[in-house]
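A closer look at the structure
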Amino acid sequence: MTDHQHPQGFETIAIHAGQEADPVTGAVVPPIYQVSTYKQDGVGGLRGGYEYSRSANPTRTALEECLAALEGGQRGLAFASGLAAEDTLLRTILKPGDHIVIPNDAYGGTFRLFNKVLTRWGISFDVADTQHPEQVRAAIKPNTKAVWVETPSNPLLGITDIAAVAQVAHAAGALLVVDNTFASPYLQQPLALGADVVVHSTTKYMGGHSDVVGGALVAADAGLGEELAYHQNAMGAVAGPFDSWLVLRGIKTLGVRMDRHSANAEQIVALLRRHPKVTKIYYPGLVEHANHEVAAKQMKAFGGMVSFCVEGGEQAAVEVCNRAKLFTLGESLGGVESLIEHPGRMTHASVAGSLLEVPADLVRVSVGIESADDLVADLAQALD
Ligand SMILES: *Cc1c(COP(=O)(O)O)cnc(C)c1O
């Protein structure tokens, strides 16, 4: 590309980083290298370092370079799912006997990975309300090797002060991991605030079109990035070429999509505020939100996720979900289409009865980028 006098803007990086025109054909989009192995020019004579697609694949490399550039890290790595990325990260930075502090409203699958899988391998955890950095400090033990933060959190949209928790973690010699799935690097840059590793479910906003399952890690430090890359290859949960291509395509429009997701969410929140059946709203853009100031400081806008409680308990919440028409009843989030769900019975069923249990009268919406008036009208009829 051209030489630059000033740092590139986010959208420029999203469209160009890792994506030089193809050297052979000039194709402006990285091709899908649907291939497992590569011809060597004599034994060990690799072309561009490629020998086998678990170790590296050019389509995945394009995505990985773009991810690193977007998060401002030294190394990006793409995985078969968000949970595959998490598992690889955790088994790289922790070993039996180690301890990790996790948030009290983590994504259900993340909690299950800690609670049901990693505990069997000798890793212990404590749950803290990471919205209060002093509670993180209180949960740290001599063998704590990492602190895990999800902000905004799922499904209660809790906000954690990344810079403050980075200080707490680093003072104890622990790494800070931030799950940046809900914000995306367009709205929030955890590494710049002191985090050591960013985790993504690229299934969500990064892919953005509900057509791919994927995950990512971005490390601030090249040494840790190298260790993660070693484990990515050794454990093997890599993103395939077509999936990498889909995520890379989604990323090109991440900025414009996040602007519209955030603007549409504001309209939905305005409806919820004036609706008599809504008893509580979880949205970091509200001044009443306990950590609104922190969100305003560390996020560019407040994103497209909104949760709320309705009068009438669990049954009423389930009925709102069932009555919605334009909001599709379904799990997941972050796609162009709006989704609605009942976390207690759907995405967060796996945390029922645990410290992470969510309110029974809670409804979560992933506000898409359809015409805002249509979304407001649909949710209004579902609530009435
Ligand atoms: C979906 C999600 C994950 C897990 O990602 P998968 O791609 O489903 O494996 C992790 N964290 C958050 C915040 C999520 O929303």
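- With an unreviewed UniProt entry as reference, the protein chain is termed Cystathionine gamma-synthase, source organism Kitasatospora acidiphila.
- What UniProt records for the protein chain under Cofactor (unreviewed entry) is the sentence "pyridoxal 5'-phosphate".
- In the Sequence similarities (unreviewed entry) part of its UniProt record, the protein chain is described as follows: "Belongs to the trans-sulfuration enzymes family."

A few points about the UniProt feature "modified residue: N6-(pyridoxal phosphate)lysine" (unreviewed entry) in the protein chain
- In the numbering adopted here, UniProt assigns the feature "modified residue: N6-(pyridoxal phosphate)lysine" (unreviewed entry) to Lys 204.
- By secondary structure assignment, the location of Lys 204 is in the loop between strand 6 (197–201) and strand 7 (215–219).
- Ignoring anything within four residues of it in the chain, the contact list for Lys 204 reads Thr 181, Ser 332, Leu 333 and Gly 334.

Re the side chain of Asp 179
- Tracing the sequence through the fold places Asp 179 in strand 5 (residues 175–179).
- Here Asp 179 sits buried without a salt bridge, and the closest side chain of opposite charge, Lys 204, lies 7.5 Å off (N-O distance).
- At 2.6 Å, the side chain of Asp 179 and the side chain of Thr 181 are in polar contact.
- Residues within four places of Asp 179 in sequence aside, it is in contact with Glu 86, Trp 148, Val 149, Glu 150, Thr 151 and Val 199.

Let's talk about the domain arrangement of the protein chain
- Along its sequence, the protein chain is organised into domain 1 (10–251) and domain 2 (255–383).
- With centres defined by C-alpha atoms, the gap from domain 1 to domain 2 works out at 26 Å.
- Facing the 40 residues of domain 1 at the interface are 43 residues of domain 2.
- The contact between domain 1 and domain 2 buries some 3200 Å² in all, and 62% of this surface belongs to carbon and sulfur atoms.
- Looking only at domain 1, the three residues that lose the most surface to domain 2 are Tyr 186, Leu 187 and Tyr 205, adding up to 24% of its buried area.
- Put simply, domain 1 and domain 2 have one salt bridge between them.
- Joining domain 1 to domain 2, the criterion identifies 16 residue pairs in polar contact (both at pLDDT 80 or more).
- Counting residues per element, the ones that place at least two in the side of domain 1 that touches domain 2 are helix 4 (108–117), helix 7 (184–187) and helix 9 (241–252).
- Counting residues per element, the side of domain 1 that touches domain 2 draws most heavily on helix 4, which supplies four residues.

Some remarks on helix 3 (residues 82–93)
- Between its first and last C-alpha, helix 3 extends 17 Å over 12 residues, near the 16 Å set by a 1.5 Å rise per residue.
- The buried fraction of helix 3 amounts to 10 of the 12 residues, a majority that puts the element mostly inside the structure.
- Of the residues making up helix 3, those classed as buried are Gly 82, Ala 84, Ala 85, Glu 86, Asp 87, Thr 88, Leu 89, Leu 90, Thr 92 and Ile 93.

Quick look at the packing of helix 10 (residues 254–274) against helix 13 (residues 372–383)
- Packing of helix 10 against helix 13 brings their axes to within 9 Å, and their N-to-C directions diverge by 30°. With respect to their mutual orientation, helix 10 and helix 13 come out roughly parallel. Taken as a pair, helix 10 and helix 13 cross one another with a handedness that is right-handed. Residues Asn 264, Gln 267, Ile 268, Leu 271, Leu 272 and Arg 274 of helix 10 form the contact with helix 13, whose participating residues are Ala 372, Leu 375, Val 376, Leu 379, Ala 380 and Leu 383.
- Split by residue class, the contact of helix 10 with helix 13 holds nine nonpolar, two polar and one charged.

Side note on the side chain of Asp 196
- If you trace the backbone, Asp 196 turns up in the loop between helix 7 and strand 6.
- It is Lys 145 that comes nearest to the buried, bridge-free Asp 196 among opposite-charge side chains, at 14 Å.
- Beyond its immediate sequence surroundings of up to four residues, Asp 196 is in contact with His 170, Ala 174, Leu 175, Leu 176, Leu 191, Val 218, Ala 219, Ala 220 and Leu 224.

A few points about unusual backbone geometry
- Across the junction of Thr 151 and Pro 152, the peptide omega takes the value -5°, indicating a cis bond.
- Structurally, the position occupied by Pro 152 is in the loop between strand 4 (144–150) and helix 6 (162–171).
- A cis amide bond links Asn 154 with the next residue in sequence, Pro 155, at an omega value of 5°.
- With respect to the helices and strands, Pro 155 occurs in the loop between strand 4 and helix 6.
- Not every positive phi belongs to a glycine, and Ser 184 is a case in point at roughly 70°.
- Residue position: Ser 184 is located in helix 7.
- Not every positive phi belongs to a glycine, and Ser 210 is a case in point at roughly 50°.

Each value, and the rule that gives it
Residues numbered from 1 in each chain as written. Predicted model: local features only at pLDDT ≥ 70, side-chain atom pairs only at ≥ 80, totals over all residues. Heavy atoms only, no water. UniProt positions renumbered as here; feature names shortened; annotations may be inferred. Helix = DSSP H or I, 4+ residues; strand = E, 2+ residues; numbered from the N terminus. Contact = heavy atoms within 4.5 Å. Buried < 20%, exposed > 50% of the residue type's maximum accessible area, 1.4 Å probe, protein only. Lys, Arg positive; Asp, Glu negative; His and termini not counted. Salt bridge = Lys/Arg side-chain N within 4 Å of Asp/Glu carboxyl O. Polar contact = N/O pair within 3.5 Å; in protein donor to acceptor, adjacent residues only side chain to side chain. Domains from an automatic or database assignment. Buried area = accessible area lost by both parts, 1.4 Å probe. Expected span 1.5 Å × (residues − 1). Axes fitted to C-alpha atoms, helices over the stretch in contact; angles between N-to-C directions. Parallel < 35°, antiparallel > 145°, perpendicular 65-115°, else oblique. Left-handed = near helix turned anticlockwise from the far one by under 90°. Nonpolar A, V, L, I, M, F, W, Y, C, P; charged D, E, K, R; others polar.

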